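# Secondary and tertiary structure notes
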Amino acid sequence: MAAEKLIEAKIAEMEENKENAADGGLSLEILQIIKDSQQQHGLRHGDYQRYRGYCSRRLRRLRKTLGFKMGNRHKFTGKKVTVEILSDSRYLLLVVMEAERAWSYAMQLKQEANTEPRKRFHLMSRLRKAGKHGEHLERLCESHRVDAKTTLEAQAYNAYLTGMVQFELQEWKAAMEAFNKCKTIYEKLANAFTEEQAVLYYQRVEEISPNIRYCAYNIGDQDAINDLMQMRLSAGGGGGMIAEKLEALITQTRAKQAATMSEIEWRGRTVPVKIDRARIFLLGLADNEAAIAQAANDDTKERLYETLLAECRDTIQAVREELRTDVKSRERNSDAEGGKVSNLQYLHSYLTYIKLCTVVRRNESMAQVLQAKLKEPQTDESKRGPRPQDLIRLYDIILQSLAELSTLQGMEEDRTFQKEMALKILVYKAYRCFFIAQSYVLVKKWSEALVLYERVLKYAREVQSKAKNLNNSLKDLPDVQELIAEVNAEKYSLQAAAILDTEDVAETPSQLQVKDNTPLSERLENFHLDPALVSKQPNLVQFPPEFQPVPCKPLFFDLALNHVTFPPLEDHVEQKGKGGLTGYIKGIFGFGS
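Conventions we followed
- Residue numbering note: each chain is counted from 1, following its sequence as written.
- Reporting in this predicted model follows two pLDDT cut-offs: at least 70 for local features of residues, and 80 or more for side-chain atom pairs to be given and counted; totals over whole chains, interfaces and linings ignore these cut-offs and use all residues.
- Each side-chain value is derived from all of the structure's non-hydrogen atoms; neither hydrogens nor water enter the calculation.
- Each helix is a run of DSSP H or I of at least 4 residues and each strand a run of E of at least 2, with the numbering of both proceeding from the N terminus.
- Only protein chains enter the area calculation, which uses a 1.4 Å probe; residues under 20% of their type maximum are buried, those over 50% are exposed, and those in between are partly exposed.
- In what follows, a contact means two residues having at least one pair of non-hydrogen atoms within 4.5 Å.
- In this description, accessible areas are obtained by the Shrake-Rupley approach with a 1.4 Å probe, and a residue is regarded as covered only by the protein chains that are shown.
- For Phe, Tyr and Trp, rings pair up if their centres lie within 6.5 Å, where Trp contributes its six-membered ring, and each pair is then called stacked (planes under 30 degrees apart), edge-to-face (over 60) or tilted (otherwise).
- Pairing between strands is defined by DSSP: at least two bridges between them are needed.
- Axis lines are fitted through C-alpha atoms, for helices just across the contact stretch, and the angle between N-to-C directions can take any value from 0 to 180 degrees.
- Roughly parallel covers angles under 35 degrees, roughly antiparallel covers those over 145, roughly perpendicular covers 65 to 115, and oblique covers all other angles.
- Classification convention: Asp, Glu, Lys, Arg as charged; Ala, Val, Leu, Ile, Met, Phe, Trp, Tyr, Cys, Pro as nonpolar; all other residues, Gly among them, as polar.
- Helix crossings are classified by the rotation of the near helix relative to the far one: an anticlockwise turn of less than a right angle makes the crossing left-handed, while a clockwise turn makes it right-handed.
- Any Lys or Arg side-chain nitrogen located within 4 Å of an Asp or Glu carboxyl oxygen qualifies as a salt bridge.
- Exposure above 30% relative accessible area and the absence of a salt bridge qualify a residue for a patch, where like charges join within 9 Å and nonpolar side chains (Val, Leu, Ile, Met, Phe, Trp, Tyr) within 5 Å.
- Under the convention used here, Asp and Glu are negative, Lys and Arg are positive, and both His and the chain ends fall outside the count.
- Lys charges are placed at NZ, Arg charges at CZ, Asp charges at CG and Glu charges at CD.
- The quantity known as pLDDT measures the predictor's confidence residue by residue, on a range of 0 to 100.
- The span one expects for a helix is its residue count, reduced by one, times 1.5 Å.

Right, let's get into the overall build of the chain. Tallying secondary structure elements over the chain gives 20 helices and 2 strands in all. Relative to its 593 residues, the chain shows a buried fraction of 40%. Expressed as a percentage of contacts within the chain between residues at least 6 apart in sequence, the contacts between residues at least 24 apart total 67%. Per element, the accessible surface of the chain, about 37000 Å² overall, is 50% carbon and sulfur.

Below you can see the structure in the form of structure tokens.
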């Protein structure tokens, strides 16, 4: 109570000094500067190393600007900001940046300590350093030279850093007191300003709320665990250092409950659960499904579905690894029991069933959101809105998941299960066919769309005829009767649109029907308005001109040559005389030539 009265007195003093800013002293928007710097220099993506580098560079610039250097390049001379030299708000900013640099280094080491545990000692050293800088800042701001608002922000910032140090040391009571002090100051500051200025303070309050509840739980408040689980599942709950601790706490709580869980029952068969990972997942399944049902918006629901699917995949992987090590035992059981699958394989089928059913529900939820958006009028034409093709893809995934469900090992002989899967496949086939028809309507393919609508009605009637004996299977399925009514309405709309489309074509004026690609030089006798003639690319002549046929050079073939008989030429050919050896010798020496 005393602390709250002191805070209220500071706020009253701050309001009195609003009209006379000159007498208010030095002012510094500590939280605003910190948040802007963090968002612009790496923390939007969790890059603490980049933010630490930014803090170091800004410290160097501030020291150079203020002439507050730590010696020279040859010798280091340590200096501290004191109240006596506090003539500029940048001296306060200097201390803030030193605290931020130490804090960001600690958070960087926090990320690296997951693989290198020795870095945790360095982490604690940097966090304590940040806390010392926060205390120094608070002592400086207690001076009369600093205005009341800056003093309160410095106190809240110091309380936040102190709480982080105690939180990491697992001093839950001290951490809770520091966080509560920080929360109180920021709430009071938020009430003293306009809504636009108060947003930043409320954001900081929301950030430290999970830490306070976690400390309360560790002190002994058992009711806080429900709030922590809700904050973990809700959007924006618990980030940074608290996120890992929340996950560990919830896992630890479920592990304690899992010790009492020994078996599950599904489809009339009881199966022992000996794998701890599977026990923890099955215990948390009801909580996750309840959180999905109570989700505030569609984005939160989709994120919760993804979280549940990730946990389910990890559990299936753990069971699959156990199956590999137990192959021989499984074969022995199947031989002894006449082909009946082993308990471990049945558990694997059950977890696969949960995963595939979750995929179906998630895609159905996304389809409902897209259907609602599809019915809304589109205001911004430049932005691409949802189309029926998007829904077709979602229903394809649903049908694929249902096909995998019908082939689960151990479910082949379960006739009721197979009938339920066949019925669900028919329902989603009807919806898929409906949106395919709507996609054809968009491109004005009336006959194809009408045939598809008839196919939808066929599927829907088949579902109604088969669902008489399986009423329990229709609880989680979309209403087929609503689909039939919607299809009938769409059929009438389609027939009307098709008739109007044909009438529009028939009643088009002849002036507009003449519009074709004929160039102006070829239709000079016919007049009609053609806006293209006054555009940048008027169609005046055909260019390049079309090819015209020309006579080609004839080819002559001498067909009579094969039938011509040439006269004998032996009488005209000179006959060589036979000279013998004498003539040969004369020829060599040239006497005969």
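Moving on to the packing of aromatic side chains. In total, this model carries 19 aromatic pairs according to the counting rule given. Judged by centre distance (5.0 Å) and plane angle (40°), the ring pair of tryptophan 266 and tyrosine 353 falls under tilted. Residue tryptophan 266 is found in strand S1 (residues 263-266), and its partner tyrosine 353 is found in helix H14 (residues 343-375); the two are separated by 87 residues along the sequence. Across the pair, tyrosine 353 and tryptophan 266 agree in class, each one buried.

What follows is about the pairing of strand S2 (residues 269-272). By the alternation rule, side chains of S2 split into Arg269 and Val271, which are all buried, and Thr270 and Pro272, of which none is buried. Here S1 runs beside S2; their pairing, made up of 4 bridges, is antiparallel. By the bridge assignment, glutamate 265 is partnered in S2 with threonine 270. What sits between S1 and S2 in their antiparallel hairpin is a turn of 2 residues, with arginine 267 showing a positive phi close to 55°.

All right, on to the environment of isoleucine 264 then. Turning to its location among the elements, isoleucine 264 is positioned in strand S1. Relative accessible area serves as the criterion here: at 13%, isoleucine 264 is assigned to the buried category. Residues isoleucine 264 and leucine 282, spaced 18 residues apart in sequence, show a C-alpha to C-alpha distance of 9.0 Å. Leave out the neighbours within four places in its chain, and isoleucine 264 touches Arg269, Thr270, Val271, Val273, Leu282, Leu347 and Tyr350.

Here serine 439 lies in helix H16 (residues 415-442). For serine 439, a relative accessible area of 13% translates into the label buried.

It is worth spelling out the packing of helix H2 (residues 30-40) against helix H8 (residues 195-219) at this point. Relative orientation of the contacting elements H2 and H8 amounts to 70°, with a least axis distance of 10 Å. For the element pair H2 / H8, the angle class is roughly perpendicular. Across the interface between the two elements, Leu31, Gln32 and Lys35 from H2 touch Leu200, Tyr201, Arg204 and Glu207 from H8. Looking at side-chain class alone, the contact of H2 with H8 contains 3 nonpolar, 1 polar and 3 charged residues.

Another point: the packing of helix H4 (residues 89-112) against helix H6 (residues 148-168). Where H4 contacts H6, the axes come no closer than 13 Å and their chain directions differ by 20°. The angle between the axes of H4 and H6 places the two elements in the roughly parallel class. Classified by chirality, the crossing of H6 by H4 is left-handed. Contact residues: Leu92, Val96, Ala99, Glu100, Trp103 and Lys110 in H4; Thr150, Tyr157, Leu161, Met164 and Glu168 in H6. Looking at side-chain class alone, the contact of H4 with H6 contains 7 nonpolar, 1 polar and 3 charged residues.

Our next topic: the pattern of salt bridges. Following the criterion strictly, the structure yields 16 salt bridges and no others. A salt bridge links arginine 267 to glutamate 420; its shortest N-O distance comes to 3.6 Å. Here arginine 267 is found in the loop between S1 and S2, whereas its partner glutamate 420 is found in helix H16, with 153 residues between them in sequence. When the shortest N-O distance is used, the salt bridge between arginine 362 and glutamate 306 registers 2.7 Å.

Together, Leu540, Val541 and Phe543 give the surface a local cluster of nonpolar side chains, amounting to about 350 Å² of exposed area. Mapping phenylalanine 543 onto the fold places it in the loop between helix H19 (510-513) and helix H20 (580-589).

A surface patch of like charges, here positive, comprises Lys80, Arg128, Lys129, Lys132 and Arg139. Note on placement: arginine 139 falls in helix H5 (residues 119-141).

Next up on the list: unusual backbone geometry. Across the junction of phenylalanine 543 and proline 544, the peptide omega takes the value -5°, indicating a cis bond. Tracing the sequence through the fold places proline 544 in the loop between H19 and H20. At glutamine 170, a position not held by glycine, the phi torsion is positive, near 65°. Looking at the secondary structure, you find glutamine 170 in the loop between H6 and helix H7 (172-192). We classify glutamine 170 as partly exposed; its relative accessible area is 47%. At arginine 267, a residue that is not glycine, the phi angle is positive and equals roughly 55°.

This part is about the environment of tyrosine 54. With respect to the element layout, tyrosine 54 can be found in helix H3 (residues 48-66). Judged by its relative accessible area of 8%, tyrosine 54 is buried.

Turning our attention to the confidence of the model for the chain. For residues with low pLDDT, the predicted coordinates do not support detailed interpretation. Per-residue pLDDT for the chain has a mean of 79; in total, 78% of the residues score no lower than 70. Note on residues 235-239: pLDDT is under 50 here. Beyond four places in sequence and across chains, it has 6 contacts.

Quick look at the side chain of glutamine 108 now. Inspection of the secondary structure assignment puts glutamine 108 in helix H4. We classify glutamine 108 as buried; its relative accessible area is 8%. Among residues more than four places away in sequence, those in contact with glutamine 108 are Tyr48, Gln49 and Arg52.

What follows covers H6. If you check H6, its first and last C-alpha atoms are 31 Å apart, about what 21 residues at 1.5 Å a residue would give, namely 30 Å. Judged by how many residues are buried, H6 sits mostly within the fold: 19 of 21 residues are covered. In the segment just after H6, glutamine 170 is the residue with positive phi, at about 65°.

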